[in-house]
Amino acid sequence: MMQPKQLEDDRLYMFVFGPGFGESIAIRIPPNDWVVVDSCLVGGSAAAKHPIAQYGGQLSCLVLTHPHRDHYPGFDSLLELGQWDVLGASDTTLDIDYQKTANPKKRLNATLEQVMSTYLQQWTIRPQCTWRTWRGATKKIGVATLTSVHPDEKWAQANAGANPNNLSSAILLEWEGVRLLLGADVENPFWQEITEKFDARLISQHTAAKVPHHGSHATSHSQGAIHKGWSAGDDNRNWVVTPYNKGRGLPSKEDGEGADQLLDSVSVLALTGLPIRHSAQQDSPCETTRQAWRDGTKPKPITIDLPGDRVGTLTQTHDSSLKCYVVFSFTADGTQYPPHYGPGSIQIRNEES
Amino acid sequence: MPVSQELIDRATELGPSIADGPAKKSWIIKGNYGTGKSALLQLLRQQLSNRNLRPIFLAPPKKAFDTGTFAALQLATGLRSHGQLNGEMGDIINPSVPWQQKVDLLVGCLREDNVVLCDDLERWTTPSFDPSFCPFTHRNVENLRQRLLTEQRCRVVFTTRPSGSPEENYWLPKYTGNASGISFGQFADVYHDLANRIGVPLQGVTWFEARLLTAWAVVTSPANVASEFPSWNDTWAIVGRFFTAVSKSDKWQGLGSLLSRLPHVRTAVSSELLGILGGGNFSEECKCVATDLLLTECDGQFSIPRFLRQHKWVKDSLISKELTELHKDLKNHFKIQVNAGGDAVELLEAEGFYHSATLGNQDDGFRLFFAEQLHALGKTLSFEKKDYAAAVIVYRKSVELAPDNDYGHHYLGYNLDVQAESAEETESAYMRAIKLNTDHPWYWSRWINFLITTGRIGEARSQWREAIAALDPIENMGIYHSLHLPVANLLAQRAQIDFAKQVLDDVDPPQLLKQDNRFQSLHDYCIALKEAQEADAVFPLKISPDNWWTTHPHLGLPTSFAGKALIRWVPARVDAIEGDVACLVSAHPPQDDSPAEYFKWTLSRQEFNDASTERFAGLTEDRFLEVGFYGADGLIRICLHPDEQWDNLTRLDPPDPLRYLRKAGWAQ
Ligand SMILES: [Zn+2]
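Overview of the structure. All of these numbers come straight from a predicted model, not from anything done at the bench. (Residues numbered from 1 in each chain as written. Chains lettered and ligands numbered in written order. Predicted model: local features only at pLDDT ≥ 70, side-chain atom pairs only at ≥ 80, totals over all residues. Heavy atoms only, no water.)

Before going further, it helps to examine the overall build of chain B. Helix and strand counts for chain B come out as 29 helices and 13 strands. In terms of its C-alpha atoms, chain B occupies a principal-axis envelope of roughly 105 × 65 × 50 Å. Going through the 668 residues of chain B one by one, you find that 57% of them count as buried. By sequence separation, contacts in chain B at least 24 residues apart represent 68% of the contacts at least 6 residues apart. Accessible area for chain B stands at about 27,300 Å²; split by element, carbon and sulfur atoms hold 49% of it. Between the centroid of the 67 positive side chains of chain B and the centroid of its 84 negative side chains there is a distance of 4 Å. (Helix = DSSP H or I, 4+ residues; strand = E, 2+ residues; numbered from the N terminus. Buried < 20%, exposed > 50% of the residue type's maximum accessible area, 1.4 Å probe, protein only. Contact = heavy atoms within 4.5 Å. Areas by Shrake-Rupley, 256 points an atom, 1.4 Å probe, with all protein chains shown as cover. Lys, Arg positive; Asp, Glu negative; His and termini not counted. Charge placed at Lys NZ, Arg CZ, Asp CG, Glu CD.)

Here's what the structure looks like:
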């Protein structure tokens, strides 16, 4: 099932986009408030623009969780959509390391200057739109409440040079009987701290979650983002992971890592897309198992041959179609409706053991 | 230099015809530079006075911030000398009185027996093909000029270069070789020697050129000048050779000193000031060459002709420290002159103000008469001293005195903008300037760039459309350089690629994008960033997208290796280093209508080290490289692009697009 034809008035919709580089979450809170968290490009423009343009509604709240280059492509064009009631961000300092690089990809980081300039201008002339998303800060959007669970203001200010992921703003959205955990890129050890600062049940007993930091697992140089503080709970929670295409990529499909660990806690894992071109690009959804995905049998990556038995995997480029998204929807009592899987996304279970 | 007999004859002939002609009429004296127009005008002044008319001579500095000031003050002091301005001088020199009111007053004082003599009238303002670039003062001057010519309250005589105008005019022909009429002062012998060597007549040279050649012969020798005649092709070239000869010789050092300094004084100068400007080595001989052959003289005051004033040598001859010293000397000189008083003390004071302003001084005690005089001061403070806060104060005063002063408003906005100071005042100043003068491309580009810089991109788009509607590039191609280039440049540097491309697409003809390096760099930059946005990047910025997909690699990959031919090459970027593996992104060239195809692959430490002269240990993310495949079994060689920065875009002005963010502490 692709995008919903129309949105039911009484449901909350959570669109999660993630084409392999970047992520964006667009949440429609009944009756017509849009909350958008981060931005990425899908189909040649800011992903969140698609549902807003298609279904219409109020530009209620726009949040940049952290100034990392996989979270703001197209964010400037979301700001240009119109005047947002609330503009949220915690860390507003720019790391200007791209001004003289010979890499055109990095030069694109300059869009962040545009984003921050607009924030500064809007926060100055409309102080009421300011939302500094330090831990504990809340915003009411209609009858819903957004609560930032990370980062702690004092800690962030004392650690301005910290890994930007750990300065990112994870957010809890509560609407009637629905609770969404938007994990941003927060990694460990901070999930422990978050569950201690907030009612642990709030964090783990969510209806749906955008899994933090692309479902990263602990490695020799990272503590990963998976933590029982948010992961332990009912196995029917709706989890969606956005992939990250750098190097070997995230989430890991190997045994005991990333996806496998996540599937210990939930029975189904939605992945907005894969950073590579694959055989099931047009299936919706592409239902598979982690093992088949791991082994490359379903979906099959599309490869090209290089001389000497070398193989390359084609990436998704120059594609103007709307793809790589998953849509969850819930009514006020917490009832879940079948998710919509966009082209390129996959739905993963573990093989029966 | 003494005036030639021929000019005296002309003046004697023309004087009565003006005096006897109708009282409300204009005469145009036409002639090329160097033919003696200014000198003739001076002679006419005398002639007309003798016939009981009341001449007023106007020769303001050309294309200066204070051209209007001088034109008005010369008219005012001229009127006063004829007893026609009674007590109104107070209003003329009151900077709070609007220009229009001053002009009404001055023109209103003119009587039928006045003759206004305007020297080189067309150059009081900027060329007509580019009216949009006139600063405020040029509108003032233009206004005064129009009033003088159209209201016909008295006779007006003005000099200009030849043109097809059918109005009654007086031609000054070129010198025809009849040297008898020209005065060479004490250097007549040198002239005759030179003329004999070259072979009289000196066909086709002007009065000025004949004297200049003589001066050159004095400084070198008639034989030297004759040997080079006529290997120059214009007056500028002769002036250049003359200056070179002067600067090479110790004997003429004082003359060189005078000729490099005098152009910075815009009024006629006294013999005493000539000596000061000539410095310690200004011998009697130097002085004679200057006064007999090079400078024009009127009532014991000397002026330097245009060719000597504006030659490139003059611009290059003083280092900035010397120039500063010169302006200090001049400021002090005029201070003394002002204190001594005199007929036209206001002109001396305005000149003193100019030198003080050029130094960036704000309290040298010269009174301000016209708001436009502040612009020289504002410019020095802003562009030379980079004291933008002080410049803001000056421009605030300028617009307070003259609220219709677009130039003042614009630079008030600019100097605030550079400092990221008061976005509100910046906005209103920029907008006011555009409202007063919609034709100025800089006004638009700086305003649009302010909107982009402060994150108001939607407004920038709508203002861009308005700018395009207001300005007509067909009439002025410079608009592409003053509007399109800075706007596209900032947009590109802010990675607003689609908007930047839209701006560049408006450039017509599109060949300009290829012909002008600055446009070409921007155009390439946008293509590279667009590709990176929609796909990936496998070439560093220094390789133009036009050259991405050549058949040959860009780096030094050999055509064969270990006896095997290069069968294929791919560009690549190191996407990540993970332990002993380099993750690469590569691409295949575009085919027919389909774009380049990007793919990921890996190389191990071992493979890399075997294939490259560089070491895997030194490999970092985002290095660009090219991989060559040799033979069917895939032997590879790798060459790396140097790990270097790329900074090929034009500098922005204001220079730092992060200034507002820095001010807020959001950027380092
Ligand atoms: Zn991320």
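All names here are of chain A. Mapped onto the secondary structure, S60 falls in strand β6 (residues 58-64). Assessed through its relative accessible area of 2%, S60 is described here as buried. Apart from the residues within four sequence positions on either side, S60 is in contact with D33, W34, W84, D85, V86 and I141.

Here we come to the sheet that holds strand β19 (residues 325-331) of chain A. Residues and elements named next belong to chain A. Spatially, the eight strands line up as an open sheet ordered β8-β7-β6-β3-β2-β1-β19-β20, and their pairing is mixed. Whereas interior strands pair on both sides, the edge strands pair on one side only; in this sheet they are β8 (130-132) and β20 (336-341). Direction aside, neighbouring strands of the sheet carry axes that sit 15° apart on average. By the bridge criterion, five bridges tie strand β1 (residues 11-17) to strand β2 (residues 24-29) in an arrangement that is antiparallel. Within β2, the position partnered with F17 by the bridge is S24. (Pairing = 2+ DSSP bridges. Axes fitted to C-alpha atoms, helices over the stretch in contact; angles between N-to-C directions.)

What follows is about the interface of chain A and chain B. The interface of chain A with chain B comprises 47 residues on the first partner and 64 residues on the second. Between chain A and chain B, a total of about 4,800 Å² is buried, with carbon and sulfur atoms accounting for 57% of that surface. The largest contributions to the chain A side of the interface with chain B come from Q114, R310 and H318 of chain A, which together make up 14% of the buried area. Taken together, the links from chain A to chain B amount to nine salt bridges. For D536 of chain B, the salt bridge identified is with K105 of chain A, shortest N-O distance 3.6 Å. Mapped onto the side of chain A that touches chain B, the elements with two or more residues apiece are α3 (104-107), α4 (111-125), β17 (303-306) and β18 (310-314) of chain A. Looking at the side of chain A that touches chain B, the element that brings in the most residues is α4 of chain A, giving ten residues. Classifying every residue of the side of chain A that touches chain B gives 16 nonpolar, 18 polar and 13 charged. (Buried area = accessible area lost by both parts, 1.4 Å probe. Salt bridge = Lys/Arg side-chain N within 4 Å of Asp/Glu carboxyl O. Nonpolar A, V, L, I, M, F, W, Y, C, P; charged D, E, K, R; others polar.)

Now for the nonpolar core. The biggest cluster of nonpolar side chains holds 133 residues, and the ones touching the most others in it are F15 and Y119 of chain A together with L483 of chain B. Among the elements that take part in this core, helix α24 (residues 478-493) of chain B stands out by supplying nine residues, more than any other. Not counting the four nearest positions on each side in its chain, L483 of chain B is found in contact with P441, W444, S445, I448, W464, A467, I468 and L471 of chain B. In this structure, V190, V205, F242 and W252 of chain B belong to the second largest nonpolar core, which totals 53 residues. (Core = buried A, V, L, I, M, F, W, Y, C linked by side-chain atoms within 4.5 Å.)

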